[in-house]
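One-letter residues, chain by chain:
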Amino acid sequence: MLSDAIAAEIYKTGRNRNLLFWGFVFVPLGLLLFDLALDTYLRLHMRLPLSPDLGLEVLRALGLGGSSFIHIFFVTGAAGIFGGEYRWETWRLLTPRNRRTNLLAAKLVVYALCCTASLAALAAIAALHTVFGAALNGTPLALPHPGFLGSALGVFAASWAELLVLGAFTALVVLTSRSMVGGLLAGIFFSFAQAIGMVVLHPWEAPLKDFALLPSMCAYLLRAWASGQELAPGVFADPAKLLPAALILTGWIAVLAGAAAIVFQRQDLPRE
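Source: prediction; values computed, not measured.

Trainee: Hey, could you run me through the packing of aromatic side chains in this one?
Mentor: How two aromatic rings sit relative to each other is given by the distance of their centres and the angle of their planes. Inspection of the entire model under this criterion finds 12 aromatic pairs. Look at Phe82 and Tyr111: their rings are 6.5 Å apart centre to centre, the planes differ by 50 degrees, and that puts the pair in the tilted class. Placement of the pair is Phe82 in helix 4 (residues 68–88) and Tyr111 in helix 6 (residues 100–137), with a sequence separation of 29 residues. Here Phe82 falls in the buried class, since its relative accessible area comes to 1%. For Tyr111, a relative accessible area of 1% corresponds to the buried category. Ring centres of Phe169 and Phe190 lie 4.2 Å apart, and the angle between their planes is 15 degrees; on these two criteria the pair is classed as stacked.

Written out as structure tokens, the structure is:
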């Protein structure tokens with residue numbers, strides 16, 4: 001059953017401390033240590049009279065889900081989750097006990113849960129850093145505006161969907177190549193290629209056909225709309241592109257996950 005597969009995958013992933021740390025814990029922990037050290041250094045050498053904006057800092061932290069550098073760690077986590085069975089040659093012990101679709105779906109669910117926890121930790125750490133900075137400098141804290149919760153959920157959902165696309169792509173490459181390293185390198189290339197494509201195409205003027213090629217650009221557009229961020233000076237997200245962008249992101253996840261399921265279903269596992 002799917003529930004049994006999910007429970008087993010959660011237990012197994014929870015025991016893999018290296019995978020959890022480098023894939024999903026290191027980013028929020030590293031951000032916390034960097035921010036606290038930077039605030040302390042600045043307080044010792046200068047005084048910042050500005051009032052930190054709690055809502056803005058949280059939205060910025062949630063937007064890190066679109067950073068290609070941050071993606072390296074999430075790709076590492078995805079490659080470990082989907083490629084561990086090939087490395088340890090344990091698929092032959094699992095496939096007779098449950099359907100392959102359930103086993104793969106369980107890995108996707110666990111990856112999605114890890115991404116959720118990591119993004120939530122980024123938001124919490126941003127809030128902690130902002131409060132700490134205000135207390136350290138003795139400046140008043142600017143509280144979030146009334147519509148902040150909706151903006152935060154929108155940015156969170158866009159970053160989460162982008163990470164799911166990245167994880168599904170990594171899963172497809174891992175399953176096809178039967179290699180964790182292959183999935184890791186392909187996932188990193190996939191992320192940086194999209195970043196380069198966004199520089200070339202410009203999200204504020206690219207047609208929808210270009211958005212279909214770059215899921216990261218769809219997520220960027222949705223984050224910009226949810227947070228009220230300018231795409232360019234005086235240019236905001238076009239509301240007419242929001243629904244197509246969301247559908248494109250969903251389509252990427254479905255197609256990549258479906259392709260991974262087809263590959264895995266037809267795969268011969270004589271040694272794994």
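Trainee: Would you mind showing me how to read the pattern of salt bridges here?
Mentor: For side chains of opposite charge, pairing can occur when their charged atoms come near one another. The full count for this structure, using the stated rule, is 7 salt bridges. Note that Glu57 and Arg60 form a salt bridge whose closest N and O atoms lie 3.2 Å from each other. Remark: Arg60 and Glu57 occur in helix 3 (residues 54–63); sequence separation between them is 3 residues, near one turn of the helix. Taking the relative accessible area as the measure of exposure, Glu57 reaches 22% and is therefore partly exposed. Under the relative-accessibility criterion, Arg60 is labelled exposed at 51%. Between Asp210 and Lys209 there is a salt bridge, with its nearest N and O atoms 3.5 Å apart. Owing to a relative accessible area of 12%, Asp210 belongs among the buried residues under this scheme. Here Lys209 falls in the exposed class, since its relative accessible area comes to 60%.

Trainee: It is not clear to me how the state of the cysteines should be interpreted in this structure. Could you clarify?
Mentor: Structurally, a disulfide amounts to a covalent bond that connects the sulfur atoms of two cysteines. Under the counting rule described, the total for this entry stands at 0 disulfides. Summary of cysteine pairing: Cys114 is not part of a disulfide, and the nearest cysteine sulfur, belonging to Cys115, is at 7.0 Å. With relative accessibility at 13%, the residue Cys114 sits in the buried group. Using a relative accessible area of 0% as the deciding quantity, one classes Cys115 as buried.

Trainee: What should I look at first to understand the nonpolar core in this one?
Mentor: Most often, soluble globular proteins have nonpolar side chains that are buried together. The biggest cluster of nonpolar side chains holds 74 residues, and the ones touching the most others in it are Phe24, Phe74, Phe82 and Tyr111. If we skip the residues at most four places from it in the chain, Phe74 touches Gly23, Phe24, Tyr111, Cys115, Ser118, Leu163 and Leu166.

Trainee: Would you explain the packing of helix 10 (residues 215–227) against helix 11 (residues 242–265) in this entry?
Mentor: Geometrically, a packed helix pair is captured by the angle between its two axes and the distance between the axes. Packing of helix 10 against helix 11 leaves a shortest axis separation of 9 Å and a crossing angle of 135 degrees. In terms of orientation, helix 10 and helix 11 fall into the oblique class. Crossing angle aside, the handedness with which helix 10 passes helix 11 is left-handed. Contact residues: Pro215, Cys218, Ala219, Leu221, Leu222 and Trp225 in helix 10; Leu242, Ala245, Ala246, Ile248, Leu249 and Trp252 in helix 11. Here the contact of helix 10 with helix 11 is composed, by residue class, of 12 nonpolar, no polar and no charged.

Trainee: I'm lost on unusual backbone geometry in this one. Help?
Mentor: A negative phi angle characterises most non-glycine residues, just as the trans form characterises most peptide bonds. Within the chain, Glu89 stands out as a residue other than glycine whose phi angle is a positive 55 degrees. Take Glu89: it is sitting in the loop between helix 4 and helix 5 (91–94). Its identity is not glycine, yet Arg178 carries a phi of approximately 60 degrees, on the positive side. Tracing the chain through its elements places Arg178 in the loop between helix 7 (148–177) and helix 8 (180–201).

Trainee: Could you clarify how one ought to interpret helix 4 in this entry?
Mentor: Spacing of three or four residues puts side chains on the same side of an α-helix, whose turn is 3.6 residues. Between its terminal C-alpha atoms helix 4 stretches 29 Å, which fits the 30 Å expected from 21 residues at 1.5 Å a residue. At Phe82, helix 4 is deflected by roughly 50 degrees, the largest bend along its length. A large share of helix 4 lies buried, amounting to 16 of its 21 residues. Remark: Glu89 follows helix 4 within two positions and exhibits a positive phi of approximately 55 degrees.

Trainee: I keep staring at the environment of Gly150 and nothing clicks. Help me out?
Mentor: Mapped onto the elements, Gly150 comes out in helix 7. Residue classification places Gly150 among the partly exposed residues on the basis of a relative accessible area of 48%. Sequence separation of Gly150 and Leu164 is 14 residues, and the distance between their C-alpha atoms is 21 Å.

Trainee: Help me understand helix 8 in this model?
Mentor: An ideal rise of 1.5 Å per residue puts 32 Å on 22 residues; helix 8 measures up with 31 Å between its terminal C-alpha atoms. Residues of helix 8 that are buried in the fold lie against helix 4, helix 7, helix 10 and helix 11. A distance of 3.4 Å separates the backbone nitrogen of Val181 from a side-chain oxygen at the start of helix 8, and that oxygen is part of Ser179. His202 sits one or two residues past helix 8 and shows a positive phi near 65 degrees.

Cut-offs applied
- Residues numbered from 1 in each chain as written.
- Predicted model: local features only at pLDDT ≥ 70, side-chain atom pairs only at ≥ 80, totals over all residues.
- Heavy atoms only, no water.
- Phe/Tyr/Trp six-rings, centres within 6.5 Å; stacked < 30°, edge-to-face > 60°.
- Helix = DSSP H or I, 4+ residues; strand = E, 2+ residues; numbered from the N terminus.
- Buried < 20%, exposed > 50% of the residue type's maximum accessible area, 1.4 Å probe, protein only.
- Salt bridge = Lys/Arg side-chain N within 4 Å of Asp/Glu carboxyl O.
- Disulfide = S-S within 2.5 Å.
- Core = buried A, V, L, I, M, F, W, Y, C linked by side-chain atoms within 4.5 Å.
- Contact = heavy atoms within 4.5 Å.
- Axes fitted to C-alpha atoms, helices over the stretch in contact; angles between N-to-C directions.
- Parallel < 35°, antiparallel > 145°, perpendicular 65-115°, else oblique.
- Left-handed = near helix turned anticlockwise from the far one by under 90°.
- Nonpolar A, V, L, I, M, F, W, Y, C, P; charged D, E, K, R; others polar.
- Expected span 1.5 Å × (residues − 1).
- Bend = angle between axes of the 7 residues up to and from the residue.
- Polar contact = N/O pair within 3.5 Å; in protein donor to acceptor, adjacent residues only side chain to side chain.

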